[in-house]
Amino acid sequence: MKKVLRALLILIPVFLSAQLQSPSEFLGYALGSQFTRHHQVVDYYNYLAKQEQDRVQLMEYGKTNERRPLLLAYVSSKANIENLEEIRSEHLKNTTGEGKSETAIVWLSYNVHGNESVSTEASMQTIYDLLASKSDYLEKTVVIIDPCINPDGRDRYVNWYNQYKNTEYNIDPNSKEHHEGWWSGRSNHYMFDLNRDWAWLTQIESQQRLKQFNRWLPHIHVDFHEQGVDNPYYFAPAAEPFHEVITDFQREFQETVGKNHAKYFDENGWFYFTKEVFDLLYPSYGDTYPTYNGGIGMTYEQGGSGRAGLGITTRIGDTLTLKDRIAHHHTTGLSTVEVASKNVEKLNNEFKKFYEDKKYKYKTYVLNGNPDKLRALEKLLSAHEIEYGYGQSGNAKGFSYLRNKPGYTAMTDNTMIISSDQPKSTLVKVLFEPQAKLSDSVTYDITAWSLPYAYGLDAIATENIIISQTNRPDSSILNNITTDAYAYITDWNSMEDAKFLATLLKEKIKVRFANQPFVLEGVSHKRGSLIITKSDNRMHLDFTGALKKVSENYPTKKLHVAKTGFVDSGKDFGSSSVAMIPDLKIAVLSGEPTSTLRFGEIWHFFEQQLNYPITVLDASYFDKVNISQYDVLVFPDGYQYHDFLKENTFKKIKDWVKDGGRLIALGGAIDGLAKDDAFGISKKETEKDTIPNLESFEGSQRERIKSAITGAIFKATVDNTNPLAYGYDDTYFTLKLGDRAYNYLQKGNAVYLDKKANVPISGFAGSEAQKKIDETLIYGMEQIGKGQVVYMVDNPLFRGFWENGKLFFANALFMLN
C-alpha cells in the first residue's frame, strides 16, 4: 500500500504539469520565436495565478507612467503560500535578532532595461518550470518574481522590433532590425535608467517597487540583464571593487551560486565569465542595493540586448538566437533557486548576523541647513525606512563635510540626526559616508554620492551616539493673505521655492524678483527673493483668492506681508533692479545629437519636479521650426553637436540669441558652441606628453584611468551675486562625471574651480584629469546681444538625485534678465 501511495505522490506533479499550459502553449507560438508584448505576459501570469491558486499569488503593486501594470508573483509550496504573511513576518524579525525563519526568500527581477528583452521571456519559462518540474525547490523557498520592472521600455522595444524586423528575421547585423533609433527601449517613459535608481527613487516604478522590497528584504536578489552581442554570459561572483561593508559571507555565497551556474553551463558547453567588469560599489543598482540591505545581490548578463533581435550573427560567426538567450537566463534563474533551497538555514543565520550591531566608525550623522532641503531628504529616508530624528541643544563634533576636516556644528530642534544604531545601519553608512573606500579605481559607475553633498547640507559625521527626539516642531505656516497688502515677499533658495514660483505663473500671478539684497520693515531679504505685488496683479480676476490657494498648497512657505514698496535699504520695488519674471515659453531639444538619458533628466525635471510646461523639439525637424516663439531653448548633454550645428542651424541659433533668446547648453552641447568666436566659451587645452608610453599592453587600462574622473565630488567657488547662483552660499559641491574642461569666461563665471580645487573631496579622479580641470568653469553665463547663453559644464540634474544642483537650473530659467 505504501508503494502505491508513493507512486501516486510521484505522479501528482506530472499530472499537474500536464494540466498546466507552458508559455508556448498559452501564447500560441514557441517561446523565443517572437517577442511577447507586455499585456500577453500579464495574461500568462494571471492564468498561472488562476490555475495554481494554491502555489501562486499575483499582486499588482503599481502602474507605470504609461499605465501598464507592475506585477509580483509569489511562488512556493501550498503550505508556504497559505502562511505567506507569517513567513514574511518571521523573516523580518531576523533584522532585530528575534526571527526563527525556516524559509529562504529569493527575488528575481527581470527586464529593468526594456530592450534587454530576453529576461521577461525567460521569466515565463522559469515560473512554469518551478511549478511543473522543480517544485521541490519550493518546499522551503518563497520565490518572488517581477516579470518586468520596465514595461514601458519593453513595449517600446518590442513594438519597434515587430515593426521593422524582416518577415523571416535577418541575422545580418547590418539589417535595420538590429539598429534601434535614438528613442531606444532601454529606459522608462522619462528615459531614466531604472537600474541606477534603486537608491534615489526618482521614478514611479522604483518608488512603488521599493515599498514591496522593504516588506520582504529577500535573502537573494537577482537582476537579469543583457550586454553586447559578442559577450558570453556573466554571472557572480562580481568584480572588485566590493564596498567594504559587504560581508565575507555575501562574497562567499556569490561564489557558491556562481559554481552552481558553472556546472550547468559546463554541461551545455556554454561560455561565461565571472569576477570582471561588474563591481559592487555604487549603491543604486539592483545588485548593490539589496546587498546593502543584507541580501545576496547579483547581476546576470546575457549577450544580446537591443541589437540581437530574434537572431544575429556574432563577431566570430556564430548565430545567437532569442531561444539561446532564454535558455541561459532560464538556467541561472532555476540554479539560483536551487542553491537557495539547499542553504536555507545558512541564509537565515547569516541574514540575522548582518543586522547585528555594526562597528562602523561614524555612529551619528548630524545635518543642518535649508528646511526645504531637509524635508526633501526626509522623504527619501522615509521611503528607505531609514530612521531619523531631530536634535536638541548642544554641539556635535566630528568630520565636517563642508570643511573636509574635523569641525563642529550647533544643534537645534531643526537639526536632523541619523544614527547608525538602527536596522538599516549599513545602508546609512553607504549613503552618508564622506568617502567610499575603493579597493580598485577601475569601476563601472560613479565613486561618490554622499547625500549631505547631494542635498547641500552642513553635516557632521561623529564617532559618538547622539540621542535624538522623534518629533520635529510643526513647520507649517498660515499666511495672512489680505486685500490691503502692497506686496508679498518670499525666499528663493530651494527647489520648493522654484515649484512655488512655477505654480504662481501657471495661476497667471505676476511675480518679480530682487537683483539686490534689501531690508524692508526690519526684515532682510537676499538676492532672488520673490516679490508679488497687488499692483502687478490688478487685472487678475481673483488675485487674493488665487494666491491664498497656492499658499495653502505650500504650507511651509512663508510670505512676508509688505505694506509699502519703500525699502529700509536696498532698491525700492519700482527699481529696475526688481525685475519681472516672464511667463516663459520653453523648448527642449531631443533626438540625436542629445543623450537620451540627459534629455530624460530635463524632461522629468520640468514635468515631475518643477511642474512647468515645455515643448519638445526634435533635431530631425528643428531647422523647420520658427524658434522666435520661444523664450528659452535647452540643449541637453550629447555627443554629436558638431554634426547638428551645421552652418545654417548655427546661424539661426546665434541670431535668435542676439534677438533676446536664452540658450542653456549642458555638457557636450557646449562643445558645439565652442567652435565659433561668437560664443565666449573655449575648451581648456592641456599639454600632451610627447614621450612614448612604454606601459605594457595589459597595463594600458590602468594608465588610462589617470585621465578619468569616475563620478567624483569637488568643492567649487560660487559668485552668488551672479543671477545664475541666487539662493546659494559661496561654495558648492559639484559632481563631475568626466574631465570635460572649459576656461573661465571673460565675465559671468557663477561657479568654478579655483586653483588647487582640482582634488576631489570624495570619489576618484586620476592625476592627469586633475591637471586638466584645474581653474575651470562649472556654470556661467554671457550676454550676447539682447540674449544670454548659459553654460552648464557639470550636470545639475544628474539622475534626478543631485538635489542641490537643481536651483541652478531654475535660476537659468527665471533669474536672468
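An account of the accompanying structure is given in this report. (Residues numbered from 1 in each chain as written. Predicted model: local features only at pLDDT ≥ 70, side-chain atom pairs only at ≥ 80, totals over all residues. Heavy atoms only, no water.)

1. Some remarks on the packing of helix H9 (residues 248-268) against helix H12 (residues 344-354)
Argument step 1. Across the interface, H9 lies against H12 with an axial gap of 10 Å and an inter-helix angle of 150°. Classified by the angle their axes make, H9 and H12 are roughly antiparallel. Taken as a pair, H9 and H12 cross one another with a handedness that is left-handed. In this structure, H9 contributes Phe249, Gln250 and Phe253 to the contact, and H12 contributes Lys346, Leu347, Glu350 and Phe354.
Argument step 2. Of the residues contributing to the contact of H9 with H12, the split by class is 4 nonpolar, 1 polar and 2 charged. (Axes fitted to C-alpha atoms, helices over the stretch in contact; angles between N-to-C directions. Helix = DSSP H or I, 4+ residues; strand = E, 2+ residues; numbered from the N terminus. Parallel < 35°, antiparallel > 145°, perpendicular 65-115°, else oblique. Left-handed = near helix turned anticlockwise from the far one by under 90°. Contact = heavy atoms within 4.5 Å. Nonpolar A, V, L, I, M, F, W, Y, C, P; charged D, E, K, R; others polar.)

2. Digging into the pairing of strand E28 (residues 632-635)
Argument step 1. Neither face of E28 is open: one carries Val632 and Val634, the other Leu633 and Phe635, and all of them are buried.
Argument step 2. Of the pairings in the sheet, the one linking strand E26 (residues 586-590) to E28 comprises 3 bridges and is parallel in character. Following the sheet pairing, Val588 is matched in E28 by Val634.
Argument step 3. As defined by bridge partners, E28 adjoins strand E29 (residues 662-666) across 4 bridges and the pair is classed as parallel. When the bridges of E29 are listed, Val632 appears paired with Arg662. (Buried < 20%, exposed > 50% of the residue type's maximum accessible area, 1.4 Å probe, protein only. Pairing = 2+ DSSP bridges.)

3. Examining the sheet that holds strand E34 (residues 787-792)
Argument step 1. Strand order in the open sheet formed by 9 strands is E27-E26-E28-E29-E34-E33-E32-E30-E31, and the pairing between neighbours is mixed. The open sheet has two edge strands with one neighbour each: strand E27 (615-618) and strand E31 (731-736). Strand-to-strand twist of the sheet, defined as the mean angle between neighbouring strand axes without regard to direction, takes the value 20°.
Argument step 2. Examined bridge by bridge, strand E30 (residues 712-718) and strand E32 (residues 749-752) share 2 bridges and lie antiparallel to one another. Each bridged residue has a counterpart across the sheet, and for Val718 the counterpart in E32 is Val751.

4. Overview of helix H7 (residues 151-164)
Argument step 1. With 14 residues, H7 should reach 20 Å at 1.5 Å per residue; the first-to-last C-alpha distance of 20 Å fits that figure.
Argument step 2. Within H7, 10 of the 14 residues are buried, which leaves it mostly tucked inside the rest of the structure.
Argument step 3. Looking only at H7, the buried set comprises Pro151, Asp152, Gly153, Arg154, Asp155, Arg156, Tyr157, Val158, Trp160 and Tyr161.
Argument step 4. Those residues of H7 that are buried are in contact with helix H3 (38-51), strand E2 (69-75), helix H6 (118-132) and helix H8 (204-216). (Expected span 1.5 Å × (residues − 1).)

5. What about the sheet that holds strand E25 (residues 578-581)?
Argument step 1. Strand order in the open sheet formed by 5 strands is E24-E19-E23-E20-E25, and the pairing between neighbours is antiparallel. The open sheet is flanked by strand E24 (560-562) and E25, the only strands paired with a single partner. Sheet twist, expressed as the mean angle between neighbouring strand axes with direction ignored, is 30°.
Argument step 2. By the bridge criterion, 4 bridges tie strand E20 (residues 511-514) to E25 in an arrangement that is antiparallel. Note that in E25 the partner of Phe513 across the bridge is Ala579.

6. Things to note about a negative patch on the surface
Argument step 1. A grouping of Glu356, Asp357, Glu387 and Asp421 is seen on the molecular surface, where their side chains present a negatively charged patch.
Argument step 2. Within the fold, Asp357 resides in the loop between H12 and strand E13 (364-368). (Patch = residues over 30% accessible without salt bridge, like charges linked within 9 Å, V, L, I, M, F, W, Y side chains within 5 Å. Areas by Shrake-Rupley, 256 points an atom, 1.4 Å probe, with all protein chains shown as cover. Salt bridge = Lys/Arg side-chain N within 4 Å of Asp/Glu carboxyl O. Lys, Arg positive; Asp, Glu negative; His and termini not counted. Charge placed at Lys NZ, Arg CZ, Asp CG, Glu CD.)

7. As for the pairing of strand E4 (residues 141-146)
Residues in a regular strand point their side chains to alternate faces of the sheet.
Argument step 1. Counting buried positions along E4 yields 6 of 6 residues, so the element is predominantly enclosed.
Argument step 2. What you see with E4 is no split at all: Thr141, Val143 and Ile145 on one side and Val142, Ile144 and Asp146 on the other are buried throughout.
Argument step 3. Pairing geometry for E2 and E4, over 3 bridges, is antiparallel. The residue of E4 that forms the bridge with Val75 is Val143.
Argument step 4. Between strand E3 (residues 104-109) and its parallel partner E4, the chain crosses via H6, and the hand of that crossover is right-handed. (Right-handed = clockwise from strand over helix to strand, strands pointing away.)

8. Re the layout of surface pockets
Argument step 1. In this structure, the largest pocket encloses a volume near 970 Å³.
Argument step 2. Elements that contribute at least two residues to the lining of the largest pocket include exactly H8, helix H13 (371-383), helix H16 (495-506), helix H18 (596-610) and helix H24 (806-814).
Argument step 3. Examining the composition of the lining of the largest pocket, we find that 7 residues originate from one element, H13, more than from any other.
Argument step 4. Grouping the amino acids of the lining of the largest pocket by side-chain chemistry returns 13 nonpolar, 12 polar and 9 charged.
Argument step 5. The calculated volume of the second largest pocket comes to roughly 830 Å³.
Argument step 6. Along the wall of the second largest pocket there are 38 residues; nearest its centre are Arg598, Asp637, Tyr639, Leu737 and Phe798. (1 Å grid on protein atoms, 1.4 Å probe; cavity = no way out; pocket = protein on both sides within 12 Å on 5 of 7 lines; lining within 4 Å. Points joined across faces, edges and corners; volume = space filled by probe spheres on them.)

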